[in-house]
Amino acid sequence: MILIYILRFIYASLSCTALAFALAPWTREAFVKYGRTRTRCKPIEKDVQTTGTEAVAVAGGGTLFSAALNMYASCTVPKNLFSQFYCVGAIVGGLLTIDTIAWCDSQAVPELPATDVGFFIHRYIAFEQWLLGATQSEVPTAYPSKLAVLALVLFTVHVLIRLKECVYDQPSTDARMHIGQYAVGIVFYVFTPLAVVADSYYSPGWVAQSSWTAPVGVTIYIYASIHQWRCHQILYSLRRRCIDHKSTPHESSTKLDSYAIPTGDLFNYVSCPHFLCEILVYVSLWMVTDCQATSLLWVAGWTAINLGITARESQQWYQTRFGAGYPRDRRALIPFVW
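Cut-off values and rules
Every chain's residues receive numbers from 1 upward, in the order its sequence appears when written. Given that the model is predicted, a residue must reach a pLDDT of at least 70 before its local features are reported, and side-chain atom pairs must reach 80 or more before they are shown or counted; all residues, however, enter totals for whole chains, interfaces and linings. Excluding hydrogens and water, the side-chain figures rest on all heavy atoms present in the structure. Structural elements are reduced to axes, namely lines fitted to C-alpha atoms, with helices fitted over the stretch in contact, and the angle between N-to-C directions of any two is expressed from 0 to 180 degrees. Note on conventions: DSSP H or I runs of at least 4 residues are helices, E runs of at least 2 residues are strands, and numbering of each starts at the N terminus. Roughly parallel here means an angle under 35 degrees, roughly antiparallel means over 145, roughly perpendicular means 65 to 115, and every remaining angle is called oblique. Here a residue-residue contact requires only that any non-hydrogen atoms of the pair lie within 4.5 Å. The residue classification treats Ala, Val, Leu, Ile, Met, Phe, Trp, Tyr, Cys and Pro as nonpolar and Asp, Glu, Lys and Arg as charged. All others, Gly included, are polar. Here the nonpolar core consists of buried residues drawn from Ala, Val, Leu, Ile, Met, Phe, Trp, Tyr and Cys, with membership extended through side-chain atoms lying within 4.5 Å. Burial classes follow relative accessibility: with a 1.4 Å probe on protein chains only, a residue under 20% of its type's maximum area counts as buried, one over 50% as exposed, and anything between as partly exposed. By this rule the span expected of a helix is its residue count minus one, scaled by 1.5 Å. To get the bend at a given residue, fit one axis to the seven residues ending there, fit another to the seven starting there, and take the angle between those axes. When a carboxyl oxygen of Asp or Glu lies within 4 Å of a side-chain nitrogen of Lys or Arg, that pair is called a salt bridge.

## Things to note about the packing of helix α7 (residues 179-201) against helix α10 (residues 294-322)
Where α7 meets α10, the axes come as close as 7 Å, and the angle between the chain directions of the two elements is 150°. Considering the angle they form, α7 stands roughly antiparallel to α10. Contacts from V184, F188, T192, A195, V196 and D199 of α7 reach α10 at T294, S295, L296, V299, W302 and T303. Here the residues of the contact of α7 with α10 sort into 7 nonpolar, 4 polar and 1 charged.

As structure tokens, this is what we get:
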């Protein structure tokens, strides 16, 4: 069970950290915002309270701690590196899918494979048993549920689609994101494939509790994937149009001209429908597992918190940038609600 606890701890920690950073204006500007919503973070100039040590004064009236914090806040990377998230997710998800399917095919009954079989999950479980000082019979395990395997395949397809969009469809941009956000993205796509199937490793004999949950989950997944693709294409089209407009020598371009209000599809209802669809994708994956992959529900919770915070920032940015010209009845993330 160690793997499950590790996964849930990671997503709980990420969620709490994101909420904490979103509360304070400076940390929200430095560590939460990215892309167009991120502005140059104002340095901390006054002393920062430290615990257990005496603050050391530096030039400018600050402290060594605040100077280090300012330096860390200025560490950014190009937002174009988002493609590396999906590359990592595709590699980990693809390898784990192949490994898990091979394990399922090798099993006639829900038991561990022979000790000489080198499946990744088998090796990990053997390590966990050794770490706990337990014997094989003392750790309940089973070959992964077919529903969990289906969810893992759908996850891998999802990140492959996003990788293709980032590499081939999305125009290049000079937007930046904090290096901490980059690290969080890598961590997320390394561990999320494991979260999809981890619970079934420790729950022998997963049996579908209903005949409708998985089909509904697949339906929601298809719906969310289609609309997310459409919304991304709308954003990419606007971005290309703005780039072409700025490059036209016979027309003067203003800062306002570099952005436009997206319309069409779910943009008619919310400012960030692509975020809404991303959340629906992970909720649908949880439903595909017949709502038995509890760790995947933690993934969906972290995704909702993270993208909910970003959607709020985007909504405020749109309203500030376009003022009265922005649709007043357009919500941030949930149609007609918020």
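So that's the structure; there's more coming.
## Some details on the nonpolar core
Judged by nonpolar contacts, the single largest core of 51 residues is most densely connected at Y189, Y282 and L285. Counting residues per element, the ones that place at least two in this core are α1 (2-23), α4 (82-106), α5 (120-132), α6 (146-169), α7, α8 (213-246), α9 (273-288) and α10. If you look at the next biggest cluster of nonpolar residues, it comprises 7 residues, including F275, I279, L307 and L333.

## Brief notes about α7
Two residues of an α-helix separated by three or four positions point the same way, owing to the 3.6 residues in each turn. For α7, with 23 residues, the first-to-last C-alpha span of 34 Å sits near the 33 Å given by 1.5 Å per residue. At A195, α7 shows its maximal kink, close to 40°.

## Observations concerning unusual backbone geometry
Within the chain, C291 stands out as a residue other than glycine whose phi angle is a positive 60°. Among the structural elements, C291 can be located in the loop between α9 and α10. One non-glycine residue, F336, adopts positive backbone phi at about 65°. Structurally, F336 is set in the segment after α10.

## Points about the pattern of salt bridges
Per the stated rule, a full pass over the model turns up 5 salt bridges. Note that R312 and E313 form a salt bridge whose closest N and O atoms lie 3.3 Å from each other.

The values reported here are purely geometric and, on their own, carry no functional implication.
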